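Listed below are the residues making up each chain.
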Amino acid sequence: MKVAIVGAGIIGVTTAYELAADGHDVTVFERHGAAALETSFANAGVVAPGYVTPWAAPGMPGKVARYLFSRHAPVRVCWPVAAHELRWMMRWRSACNLESYLANRARLQRLAFYSRDRLHRLTEDLQLEYDHSRGYMVLLRSERDRKLVQPGLQLLRDGGIKFEEIDAARARALEPALNPDTEFLGGLYLPDDEVGNCRQFALLLKNQAQALGAKFEFHCAIAPLDPAQPTSLRITREGDAAPTTSARFDAVVVCSGLASAALLRPVGLRVPLAAVHGYSISAPIREPLNAPRSGVMDDRYKVAISRLGNRVRVAGSAEIGGQPNRKRPEAIRTLYKVLQDWFPGAAQLANTGAAVQEWKGARPMMPDGPPVLGATHTPGVWINIGHGSSGWALACGSARVLADLISSRAPDLDIEGLGVERLGG
Ligand SMILES: Cc1cc2nc3c(=O)[nH]c(=O)nc-3n(C[C@H](O)[C@H](O)[C@H](O)COP(=O)(O)OP(=O)(O)OC[C@H]3O[C@@H](n4cnc5c(N)ncnc54)[C@H](O)[C@@H]3O)c2cc1C
């Protein structure tokens, strides 16, 4: 089948690889000049399936309200808030009941475990060499933090997920560079989880897809789908004298992150996606002995610190509303504070010229949590969108499922609740 993919983020690239591996004639269109330049660019890199949970959870609305008055709040509503963001918040609020939470959590975790297996299989079979390290630790500063994670631990036990409750001494043995001056209670250690560089993986897998015949057309923006001819794409090539051309395909897969909602609106699909912004800083490691060995998460500030090769990345914050292109200095300061608290000597922060990268990204988030993937009601139009805060952890599995569905094969995964029917009429 002749298949077009719109978007070369981690979701579009993994989808392109799986479809090309199945023998389809694949063309990926990307408006930027390279893959993974938007949300897949500098995320925390955490792949921790047991921790992939919906943000629409019982008790969350109260927490968000309390955070409004906190300086280092991990979640924030920023001014201005657009009408579609207000509608999103109302849908999010109504998905915070226990029944919806448990159903969405089960859907996400099934997909996350399946995805991790697929990530490992691809890494091994294709010998992909990208920066990654095994093990993930959740750091708990106080008894209060420990109490707050207890309900989540029961869910990890119920799911048969391997983890250890550890004291501070064991945490220091596992991560010897933890600041000796920072007092804390202990944490959780998940030996099977990992951190990895999402962008590097995307670039390597793109090469593999190309080796299988997939074509990547960069600097090509796709217009919203035409309801009369939805699989005929209108393509604007940057720099062309005759700017817009069109090309017809047997199938189109929309993997366009946040922009997906606008592309799909003309064919009658209303996807309640909102941008939940976050930040990361990435810096060269100054002294490896002072740097983390793998990934840690400060549970109080919801900030992850990841070892990615010879760099350390610190990522966190969740903001809805505000100005997309403005980096909020307080959010960035929180990242530096958390890095300083745990690994003060890890990063080369001064005298590096442009080497410290400060980044803001927009998670393409569904209000209830899980992504939406599969066929739409429009023949030939498929979607793989809305992976929110876990697109890297969910990408390889989502792509495999999508490729199976396009080839009319039953996926090796229960996909109840992941299809367009969840969006309602
Ligand atoms: C601070 C932060 C930390 C995160 N940490 C983690 C983490 O630890 N683990 C994890 O699993 N996930 C994490 N995430 C989430 C993860 O990064 C996203 O879920 C994932 O990158 C989404 O991938 P995507 O391919 O859907 O979107 P994108 O990467 O945004 O890709 C979409 C692509 O489509 C292209 N496009 C859009 N419209 C068009 C058009 N009309 N024509 C052509 N091209 C188009 C865009 O240019 C873009 O390249 C984090 C996100 C943030 C912001």
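Every chain is numbered on its own, with residues counted from 1 as its sequence reads. Predicted model: local features are reported for residues with pLDDT of at least 70 only, side-chain atom pairs are reported and counted for 80 or more only, and whole-chain, interface and lining totals are derived from all residues. As a convention, hydrogens and water are excluded, and side-chain values are obtained from all of the structure's heavy atoms.

## Quick look at the sheet that holds strand 2 (residues 25–29)
When DSSP finds at least two bridges between two strands, those strands are taken to pair. Per the convention used, a helix needs a DSSP run of H or I reaching at least four residues, while a strand needs a run of E reaching at least two, with both numbered from the N terminus. The 6 strands lie next to each other as 8-2-1-12-19-18, forming an open sheet whose pairing is mixed. Pairing within the sheet leaves two strands with one partner each, and these edge strands are strand 8 (215–217) and strand 18 (372–375). Looking at each pair of strands side by side, their axes are set apart by 20° on average, direction ignored. Pairing of strand 12 (residues 251–254) with strand 19 (residues 381–385) involves 3 bridges; the strand directions are parallel. In the sheet register, Val253 faces strand 19, and the bridge partner there is Trp382. Axis definition: a line fitted to C-alpha atoms, over the contacting stretch in the case of helices. Angles run 0 to 180 degrees between N-to-C directions.

## Comments concerning the site of the ligand
Distances are taken per atom, and a residue is near a molecule or strand as soon as one of its heavy atoms is within 4 Å of it. As a structural note, the neighbourhood of the ligand is formed by 37 residues, with Glu30, Ser40, Asn43, Gly388 and Ala393 the closest of them. Within the backbone of Thr39, one N or O atom sits 3.1 Å away from an oxygen atom of the ligand. For the purposes of these results, a polar contact is taken to be a pair of N or O atoms within 3.5 Å, where, inside protein, one atom must be able to donate a hydrogen and its partner to accept one; residues adjacent in sequence count only when each atom of the pair is a side-chain atom. With respect to the ligand, the backbone of Ala44 contributes an N or O atom lying 3.1 Å from a nitrogen atom. Reported accessibility uses the Shrake-Rupley method at a 1.4 Å probe radius. Residues are deemed covered only where the shown protein chains occlude them. Here the ligand has 1000 Å² of accessible area as a free molecule, and 97% of this is covered by the chains.

## Details of the sheet that holds strand 9 (residues 220–222)
Spatial strand order, 9-10-11: 3 strands in an open sheet with antiparallel pairing. What marks the edges here is a single partner per strand, and that holds for strand 9 and strand 11 (244–248). Strand-to-strand twist of the sheet, defined as the mean angle between neighbouring strand axes without regard to direction, takes the value 35°. In terms of strand pairing, strand 9 meets strand 10 (residues 232–237) through 3 bridges, oriented antiparallel.

## Details of the pattern of salt bridges
Salt bridges are defined as contacts in which a side-chain nitrogen from Lys or Arg sits within 4 Å of a carboxyl oxygen from Asp or Glu. Per the counting criterion, the structure on display carries 24 salt bridges. Between Arg237 and Glu217 there is a salt bridge, with the nearest N and O atoms lying 3.2 Å from each other. On the criterion of sequence distance, the pair formed by Arg237 in strand 10 and Glu217 in strand 8 is long-range, its members being 20 residues apart. Of the charged contacts, one joins Lys302 and Asp299 as a salt bridge, the two residues approaching to 3.3 Å between their closest N and O atoms.

## Section: the side chain of Ser306
Inspection of the secondary structure assignment puts Ser306 in strand 15 (residues 303–308). Here Ser306 falls in the buried class, since its relative accessible area comes to 1%. Here the side chain of Ser306 touches Ala44 through a polar contact of 2.7 Å, landing on its backbone oxygen. Any two residues having at least one pair of non-hydrogen atoms within 4.5 Å are treated as being in contact. Those residues in contact with Ser306, other than ones at most four positions away along the chain, are Ala44, Val46, Val195, Ser294, Gly295, Arg311, Val312 and Arg313. Classification of residues uses two cut-offs on accessible area relative to the type maximum, computed with a 1.4 Å probe and protein chains only: under 20% is buried, over 50% is exposed, and between them is partly exposed.

## Some remarks on the confidence of the model for the protein chain
The predictor attaches a confidence to each residue, called pLDDT, with possible values from 0 through 100. On average, residues of the protein chain score 95 in pLDDT, and 98% of them are at 70 or above. Predicted confidence in the protein chain is weakest over helix 2 (residues 60–67), with a mean pLDDT of 85, and strongest over helix 1 (residues 10–21), with 99.

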